[in-house]
Amino acid sequence: MGKSDFLSPKAISNRIKSKGLQKLRWYCQMCQKQCRDENGFKCHCMSQSHQRQLLLAAENPQQFMDYFSEEFRRDFLELLRRQFGTRRVHNNVVYNEYISHREHIHMNATQWETLTDFTKWLGREGLCRVDETPKGWYIQYIDRDPETIHRQQEQERKKKQDLDDEEKTAKLIEQQVRRGLEGKELETPVYTELNRENKEKVTFKLNKGSSTSVAASSQTSVLALKMVEGAVKRAGAAYCSGQPKKKKKKSALDEMMELEEEKKRTPRTDYWLQTDIIVRIVTKKLERKYHRKKAVVKEVIDKYTAIVKVIDSGDKLKLDQTHLETVIPAPGKKVLVLNGGYRGNEGILESINEKRFSVTITIDSGPLKGHKVEDIQYEDVSKLA
């Protein structure tokens, strides 16, 4: 019976089975052939091609082992350099990545019996830095590429040159400061006693009449000044006591602004549930038919729990506020403020700011009716039923 057609189901099945890694016990490294089962491997070992390969290996077994060892070492280090670079990595991680390729050299065909022996050999040869930890052996590739070494030397030379330039600049500044200080002599203050060199007495000669008139006039001016100051103080005190300060009458705009400031100062609370508002069920612990469904809050229990009625089915559920979220209607619909300074006020939704997750409403009830409030967060407002 001839071979199956390339597109026959049997041929396709064989190609699918031959993909990927298979059992190592049915792999022949000399012929580089992977068998799928024990019977196939037995047939391969009895074939003439396999017997010829064994005769070639028997003539010089060391040559074949050296060849496979060199191929394994070269491919392993190439994978370590290309994928992991000079990072410290567990040797088993690199080995698992290496054997994931189907056409790889098996360690059974090399001079190393275990991965630990191969890791120690890499350390002895100076190809990698190896260290043993409680988690196993770690390896780090030593890059001895001439271009890499030249690039590292250039970086170190540039870094050293930058440091030298900084040191030269610092020394130059220090020399300039020293030269500036040397040119100036610090003047120290000298303290001496106050001695009068000329001990001559200074005398004034005035007429008797003029002296008395000057003294009298000075006394009169001083008394007059004191009397004027006393009169001014008494007049000011009488005016303040007799006429109380009039309070400035506040306008409607001022009262509204004060009320708005007071609203803004009102602290937020961690509960927001209110009756007659529309909410959305967000919990996934219930049946799937209730997820993302809208409901009306019929009753609030202990501020944090609500009894809601599902709009579609009419079912009543008892849910915590963490399982619910607010509903933002279209502009022009009525909403209720649930938290913050404007809690409890009804309003008309004017616009929605999607970038800031906030809305703008116009108060429709209470003393602030007609007042426009901006930048109210989504979670602080919900649609009215």
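The name given to the protein in an unreviewed UniProt entry is DNA/RNA-binding protein KIN17, with the source organism recorded as Molothrus ater. The Subunit (unreviewed entry) comment attached to the protein in UniProt states, word for word, "Associated with DNA polymerase alpha, RFC1 and cyclin A, in multiprotein DNA replication complexes. Also associates with replication origins at the G1/S phase boundary and throughout the S phase in vivo." Turning to the protein, the UniProt record has this under Sequence similarities (unreviewed entry): "Belongs to the KIN17 family."

Engineer: Residues and numbers for the overall build of the protein, please.
Structural biologist: Within the protein, the secondary structure is distributed over nine helices and 15 strands. Burial statistics for the protein: of 385 residues in total, 25% are counted as buried. Taking contacts inside the protein between residues at least 6 apart in sequence as the whole, the part at least 24 apart equals 45%. On the protein, roughly 29600 Å² of surface is accessible, and the fraction owed to carbon and sulfur atoms is 52%.

Engineer: Which residues make up a nonpolar patch on the surface, and what values do they have?
Structural biologist: Among the surface-exposed residues, Ile173, Val177 and Leu181 lie close enough to one another that they form a single nonpolar patch of about 300 Å² accessible area. Here leucine 181 is to be found in helix 7 (residues 146–183).

Engineer: A description of the sheet that holds strand 8 (residues 305–310) should follow, citing residues and the corresponding values.
Structural biologist: The five strands lie next to each other as 9-8-7-6-10, forming an open sheet whose pairing is antiparallel. A single partner strand is all that each edge strand has here, and the edge strands are strand 9 (316–320) and strand 10 (324–326). Taken pair by pair, the neighbouring strands of this sheet meet at an average axis angle of 45°, ignoring direction.

Engineer: Break down the UniProt feature "coiled-coil region" (unreviewed entry) in the protein for me, citing the residues and quoting the values.
Structural biologist: In the UniProt entry, the feature "coiled-coil region" (unreviewed entry) is given for residues 149–176. Counting secondary structure, residues 149–176 comes out at 100% helix and 0% strand; the distance between its end C-alpha atoms is 41 Å.

Engineer: Outline the nonpolar core, supporting the account with residue identities and numerical values.
Structural biologist: Ranked by size, the top nonpolar core spans 22 residues in total, and within it Phe72, Phe76, Leu80, Val94, Phe118 and Leu122 carry the most contacts. Elements supplying a minimum of two residues to this core: helix 4 (61–84), helix 5 (91–99), helix 6 (115–125) and strand 5 (136–141). With 17 residues, the next largest nonpolar core counts Tyr290, Leu319, Leu338 and Leu384 among its residues.

Engineer: Can you lay out the pattern of salt bridges for me, pointing to particular residues and giving the numbers?
Structural biologist: Any two side chains of opposite charge can pair, so long as their charged atoms come close to each other. As enumerated under the stated definition, the model contains 14 salt bridges in all. Among the ionic pairs, glutamate 325 bridges to arginine 280, the shortest N-O distance being 3.5 Å. One end of the pair, glutamate 325, is in strand 10; the other, arginine 280, is in strand 6 (residues 278–281), with 45 residues separating them in the sequence. A relative accessible area of 28% means that glutamate 325 is categorised as partly exposed. Taken together, the salt bridges that share partners define one network made up of Glu71, Arg74 and Asp75.

Engineer: Got a sec to walk through unusual backbone geometry? Specific residues and values, please.
Structural biologist: With glycine set apart, most residues show a phi of negative sign, and most peptide bonds adopt trans. The backbone of arginine 292 shows a phi angle near 65°, a positive value even though the residue is not glycine. As for its placement among the helices and strands, arginine 292 is situated in the loop between strand 6 and strand 7 (294–301). The partly exposed category is assigned to arginine 292, whose relative accessible area is 44%. Backbone geometry at aspartate 302 places phi at a positive 55°, although glycine is not the residue there. Here aspartate 302 shows up in the loop between strand 7 and strand 8. According to the relative accessible area criterion, aspartate 302 is exposed, its value standing at 66%.

Engineer: Help me get a handle on the pairing of strand 8, residues and values and all.
Structural biologist: In this structure, strand 7 lies alongside strand 8, joined through six bridges in antiparallel fashion. What sits directly across from valine 296, in strand 8, is lysine 309. What sits between strand 8 and strand 9 in their antiparallel hairpin is a turn of five residues, with glycine 314 showing a positive phi close to 80°.

Engineer: A description of the sheet that holds strand 3 (residues 88–90) should follow, citing residues and the corresponding values.
Structural biologist: Read across the sheet, three strands follow the order 3-5-4 without closing on themselves; strand pairing throughout is antiparallel. Of all the strands in the sheet, just strand 3 and strand 4 (128–133) have a single pairing partner and so form its edges. Pairwise comparison of adjacent strand axes, ignoring direction, gives a mean angle of 30° for this sheet. One ladder, built from six bridges, connects strand 4 with strand 5; its direction is antiparallel. Each bridged residue has a counterpart across the sheet, and for valine 130 the counterpart in strand 5 is isoleucine 139. Contacts from helix 5 reach strand 3 and strand 5 within the one sheet, and its direction differs from that of strand 3 by about 70°.

Engineer: Before we move on, can you summarise helix 6 with the specific residues and values?
Structural biologist: An α-helix turns once per 3.6 residues; consequently, residues spaced three or four apart project the same way. For helix 6, the set of buried residues is Leu115, Phe118, Thr119, Trp121 and Leu122. Seen from one end, helix 6 has its buried residues packed into an arc of 160°, which puts them on one side. Against the buried residues of helix 6 lie helix 4, helix 5, strand 4 and strand 5. Of the residues trailing helix 6, glycine 126 is marked for its positive phi of about 75°.

Engineer: Could you give an account of the packing of aromatic side chains, with specific residues and numbers?
Structural biologist: Within this structure, the stated rule accounts for 12 aromatic pairs. Ring plane angle 90° and centroid distance 6.0 Å describe the contact between phenylalanine 357 and tyrosine 378, whose orientation is recorded as edge-to-face. A residue pair is termed long-range when its members are at least 10 positions apart, and phenylalanine 357 in the loop between strand 12 (346–353) and strand 13 (358–363) and tyrosine 378 in the loop between strand 14 (372–377) and strand 15 (381–383) qualify at 21 residues. Three or more aromatic residues joined by ring pairs make a cluster, and in this case those are Phe72, Phe76, Tyr98, Trp112, Phe118 and Trp121. Lying over the aromatic face of tyrosine 138, arginine 88 brings its terminal NZ or CZ to 4.2 Å of the ring centre.

What counts and how
- Residues numbered from 1 in each chain as written.
- Predicted model: local features only at pLDDT ≥ 70, side-chain atom pairs only at ≥ 80, totals over all residues.
- Heavy atoms only, no water.
- UniProt positions renumbered as here; feature names shortened; annotations may be inferred.
- Helix = DSSP H or I, 4+ residues; strand = E, 2+ residues; numbered from the N terminus.
- Buried < 20%, exposed > 50% of the residue type's maximum accessible area, 1.4 Å probe, protein only.
- Contact = heavy atoms within 4.5 Å.
- Areas by Shrake-Rupley, 256 points an atom, 1.4 Å probe, with all protein chains shown as cover.
- Patch = residues over 30% accessible without salt bridge, like charges linked within 9 Å, V, L, I, M, F, W, Y side chains within 5 Å.
- Salt bridge = Lys/Arg side-chain N within 4 Å of Asp/Glu carboxyl O.
- Pairing = 2+ DSSP bridges.
- Axes fitted to C-alpha atoms, helices over the stretch in contact; angles between N-to-C directions.
- Core = buried A, V, L, I, M, F, W, Y, C linked by side-chain atoms within 4.5 Å.
- Arc of directions from axis to C-beta.
- Phe/Tyr/Trp six-rings, centres within 6.5 Å; stacked < 30°, edge-to-face > 60°.
- Lys NZ or Arg CZ within 6 Å of the ring centre and 35° of its normal.

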